[in-house]
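Coordinates in review
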Amino acid sequence: MTVRLVDGATSNEGRVEVNIGGQWGTVCDDEWGHPDALVVCRMLGYTDTGAVAFQTAHFGRGSGPILLDDVSCAGTETSLASCRSRVGQHNCEHSEDAGVECLGTNLNITVRLVGGNSMYEGRVEVKNGDKWGTICDDQWGNLEAAVVCRMLGYSDQNALAWDTAHFGQGNGSIFLDDVVCDGTEITLADCTHSVWGVNNCNHMEDAGVECEGPITNATTNGIEIRLVGGPTQYEGRVEMKLNGHWGTICDDSWTEKNAQVVCRMMGYVTSNAQYWGSAHFGRGSYPIALDDVVCKGSERTLLDCQHSVIGAHNCQHDEDVGVTCAGYNMTIRLVDGGNPQEGRLEVNVNGIWGTVCRDSWDKQDALVACRMLGLHAQNVSATTISEFGPGSGLVLLDRLNCLGNESTLADCRQDPIATSGCRHSQDVSLKCKVTLTNMRLEGGRNTDEGRVEIQYNGDWGTVCDDNFDINAARVVCQILGKESQFAVPIESSYFGAGQPAFQLGNVSCKGSEQSLADCESPNIANGLCQNAGVICRDSNATIVRLAVGSQSRVFLEHGRVEVFHGNEWGTICDDRWSDADAEVVCNMLNITGHVVDSRTSAAYGQGIGRILLDDVICTGRENNIEDCRHRVWYQENCNHNEDAGVDCNVFGSTVTTPSSVSSVQVRLSGGPSVNEGIVNIFANGQWGTICDDQFGQEGAAVICTMLGYNGENATLESTFRYNQSPRSYPIWLDDVQCNGNESNILACRHRPWGQNNCVHSEDVAVHCHTDAVNHLQVRLVDGNSSYEGRVEVNIGGEWGTVCDDNWDTHAATVVCRMLGYSTVYAAARRNGYYGSGSGRILLDNVDCSGYETNLGRCRHNIVGDNNCNHGEDAGVVCSPNVTDIRLVGGNSSHEGRVEVNIDGEWGTICDDEWDLFDAKVVCNMLGFQSIGAQATRSGHFGAGSGRILLDNVRCNGYEDNLGSCRHNSIGFHNCNHGDDAGVICPATVDHIRLVNGSSTSEGRVEVQVDGEWGTVCDDEWGDNEARVVCRMLGYPTSNSHGFKYARYGEGNGRILLDNVNCRGYETNIAACQHNAFGDNNCQHGEDAGVTCFLTTTEFPIQIRLVNGTTSAEGRVELLVNGQWVQSAATILTGMMQALYVEC
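Scope of this entry: the structure provided in the associated data block. (Residues numbered from 1 in each chain as written. Predicted model: local features only at pLDDT ≥ 70, side-chain atom pairs only at ≥ 80, totals over all residues. Heavy atoms only, no water.)

Thoughts on the overall build of the protein
Note the threshold: In this text, helices come from DSSP runs of H or I with a minimum length of four residues, and strands from runs of E with a minimum of two, each type numbered from the N-terminal end. Three labels apply to residues, based on accessible area from a 1.4 Å probe with only protein chains included: buried if under 20% of the type maximum, exposed if over 50%, partly exposed otherwise in between. We call two residues in contact when some of their heavy atoms are within 4.5 Å. Computed with the Shrake-Rupley method and a 1.4 Å probe, the accessible areas treat only the protein chains shown as cover for residues.
Scanning the protein from terminus to terminus reveals 13 helices and 67 strands. The buried share among the 1143 residues of the protein stands at 54%. Considering only intrachain contacts with a sequence separation of at least 6, the fraction spanning at least 24 residues in the protein is 69%. For the protein, the accessible surface area stands at approximately 48300 Å², while carbon and sulfur atoms represent 44% of it.

Here is the structure:
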């Protein structure tokens, strides 16, 4: 079981979602509390500092299945799987999804490098939960880079930090900002940094790192090194090459610090490096080259350590030193397969994912890979065809040569990491099988029957009943050492659902296998399924089971009779069916000592499959139904509406209410409103409760019907949601079984009145929903604007008001959300603030969390139930969105006084708290770039007129509308127009063109800014700038070249850009560093130019010769846009220039 947090404002909070059997789902909040939250945070790698549990979909409603309910943890468990819970069974809706906020520090920081030219460099990305994000480059330097390199297992020497998205911009969240390390930390979590997810950055500021790759040849010191005589490539006798000659090293003064230097030189992880003295890996034969080596552990090579004069020593070869390195940090996964046991093989080496080349790939390599995945290591498929498609990124492993007994692929001999010349069409595909270590039967009446449970990777799971047949049942019984010849498969979770950590699917056996893993294509199932069970037996005697509707369960005491005969399940026709027949069936099920009753006419629902028996006549003393008189098997004249049934415990399941209790009243107590809570029954002058044993949805429907609600909208709830009934209340009813259409709970089956084996924690609780309320409409009336007013709701076609009892900001937030307004500012108004309404008061005691999507989904009294008058009508003030925005009074379209349109009125913004982040939002709304945005104050662009609509605006910078930022109520301020706020947005280059070239792909660069065309000065102009220009024009960038000194002639008009400095990956030249538009110290003799060379690969040429006397002469025609063209001089010139340059 894995867990994640979803839809929180930061990575440490959110709705709890769990993955069971490959399927993600939510957790119901029944019994959800602080101990459960602690376990979730521990699973996610947070310290035990603290955790907060949230209920009622605090982080929004999830989707998909609800996988866990009634979770009850002690708080010390390491996984929710170890807590008591119901898996796959619940009585909840997504409005009850559980949530968590983790208050501790996340120690599980995983790091990777992305976008570099090798695995040793790239944009730094960190993983939190199941999401990757970037790091802002604020305060980022070489000390921080050293920590990243150390985390990846690389050398921390000469680590180099890169800023301003040197390796390209990432996407998703920016997780860390203001990271400050001293360079000695083991992980970035040990450095100081901002709160996770809190930053003032954008992806143009993504941090990068360049680590030092493996040093196999220290050429600056003339030294090579190798490990000899070890069982793996990561250990052996240390030998080094000096001045062209190999030699060994004496173990005098040798420590783990020396071993770390050797491992670093070999390109291996330096942690846990060990040294071995006394020729542990055998005596060498070369001269002893070094002695008395003393290292600090951080040196690049052994020659950087203290040591004796080369060749001087007092040792023998029985003192040759050896080293064991930790190898690479390697994990693997299978991708794009049909199930988790197959797919393209991908490996993670020190945080970098890549593929494996199939050169030399064989069964021994496949065995090791499957073993790493915890899967079955027999009969694996050593696939050499890229069956699951090509991968991407680096090909990390090549020419593997495993013996088959290694514990990891890193222990196998192989080429150096990331040196393969293979293409992704040569990626290895792999098919493994599940490794099952144990098996048991659970939930049966004896040890020879039950639900099949298997152990995989230490967890217990169940087997799906798809394809599970007699052959599979025989394999199970054989494995358990039980009689298997007449084994019976049982489907549809007959022995209960259990609490599986996973489910094994697609089990199709021949019957002779030694393990279910040896059956055809078993795999860990995606999603939940019905469980398989077996009955192991030594004879083929007929067996029976009971079913109600489509469900059969092992401990049912009444139901439709189903028999197993001739390897199939079927029903019995009710012709001549009697209580004596029922007696035999009940005895076969070991339900004895009770009054029994025979049932006819499909009393428990119609079965499926064949009708196997008819005209059964028993005396009641037979041991098996097949011993009774009956027609020949399979001969019958019936259909399934004549299926026979039995009740093996009439006294315990029929209505036996004393005559003094002729009718009952019901109510719901302990809840926030009258339509939900614990079910109370009033009889003989006393209130009591109902036990939840066998009480189902049908019973809830009957209770709601008795209360006047629509029974179709009834749901069962957890008792723990409500205040418990007094201990003095008797439990009147138990084992209540309804079909849902009864008019009174007494008409349902139940134990004798007052008889039960329950406590009040098992009391039945019910919620009677009103669908019209769940989808009510809302409007605001009699306010001064469209975004404020008295709240009126429409329920079932009737408009009415809301009483202000419990009315607060949370409720106001829900109303504003329903009306499409921003929820940043939502204020509640009480005591008829917007005047008294008319008509009925429809809602009272509204209690919202603030995350609901409809006011009707908040807790409240039943519709119309209130103790209010219209002097208590509730109202709200919402924060409207800015419907339009403009800049006024500036010298160009991208600067000026900010004016906003709210509810049809234009007005200005006061500059209180006005800053860069507010300016970014304005520029984004206007379609300008936000990087480089400037905020102006004190009426910089002149005083406006009209009302000042916004004040104290506080944006984070990423909002898509100014109305979504925090601010005062509309029109509330302490300013005058001398305080009007303004912005200066970076202008952008609207269009670009090349002029005076010999083809369309070259020429003088001209840009258009605010409708004006002009040239670019060649100061700092080069190939990186040319790449950006060519990208803007849609040309390939690989062979772009920049020219200076008006190579394509002098332009005219203004020189709009100067000192342009690009990195080469920008999508618009305005995104490069440059002077302000029009600011330059140039003449047109310095106009910049560009050539965007086309290659034959990038622009395939199709050409022919026409009307010549031979095939080697004729008129030249080219294929352009699907047509052969004679007059294509411009295109031909551009192509020939490209060809000439390539040649």
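Picking up where we left off.
A word on the pairing of strand 7 (residues 99–102)
Test applied: Pairing between strands is defined by DSSP: at least two bridges between the two strands are required.
Sheet analysis places strand 2 (residues 13–20) next to strand 7, joined by 3 bridges and oriented antiparallel. Along strand 7, the bridge assignment pairs arginine 15 with glycine 99. Sheet topology note: the strand 4 (residues 51–54)/strand 7 ladder contains 4 bridges and is antiparallel. By the bridge assignment for strand 7, valine 52 is matched with glutamate 101.

Some remarks on helix 8 (residues 697–706)
Taken as a whole, helix 8 has its buried residues at Gly699, Ala700, Ala701, Val702, Ile703 and Cys704. Turning to helix 8, the residues buried within the fold contact strand 41 (665–669), strand 42 (676–683), strand 43 (686–690), strand 44 (714–717) and strand 46 (765–768). After helix 8 finishes, the residue glycine 708 shows a positive phi value of roughly 90°.

A short note on the packing of aromatic side chains
The condition is simple: Note on ring pairs: Phe, Tyr and Trp rings are taken, using the six-membered ring of Trp, and paired if centres are within 6.5 Å. Classes follow the plane angle, with under 30 degrees stacked, over 60 edge-to-face and the rest tilted.
Using the criterion set out here, one finds 10 aromatic pairs in the structure. Consider the rings of phenylalanine 54 and phenylalanine 59, whose centres lie 5.2 Å apart with planes at 80°: the pair is edge-to-face. Of the two residues, phenylalanine 54 and phenylalanine 59, both sit in the buried class. Between tyrosine 494 and phenylalanine 495, the ring centres sit 4.9 Å apart and the planes meet at 80°, which makes this aromatic pair edge-to-face.

Side note on the pattern of salt bridges
Applicable threshold: Salt-bridge detection follows one rule: a side-chain nitrogen of Lys or Arg within 4 Å of a carboxyl oxygen of Asp or Glu.
On inspection of all chains with the given rule, the structure shows 37 salt bridges. Residue lysine 482 is joined to aspartate 448 by a salt bridge in which the shortest nitrogen-to-oxygen separation is 3.4 Å. In this pair, lysine 482 is assigned in the loop between helix 5 (470–479) and strand 30 (488–490) and aspartate 448 in the loop between strand 27 (438–442) and strand 28 (449–456), connecting sequence segments 34 residues apart. A salt bridge links glutamate 453 to arginine 451; the nearest nitrogen and oxygen atoms lie 2.9 Å apart.

Overview of the state of the cysteines
Operational definition: Only a pair of cysteine sulfur atoms within 2.5 Å qualifies as a disulfide here.
Counted under the stated rule, the structure contains 26 disulfides. With its sulfur 2.1 Å from that of its partner, cysteine 704 forms a disulfide with cysteine 768. Given an S-S torsion of about -90°, the disulfide between cysteine 704 and cysteine 768 has left-handed geometry. Taken together, the residues cysteine 704 in helix 8 and cysteine 768 in strand 46 connect sequence positions 64 residues apart.

That is the geometry; function is a separate question.
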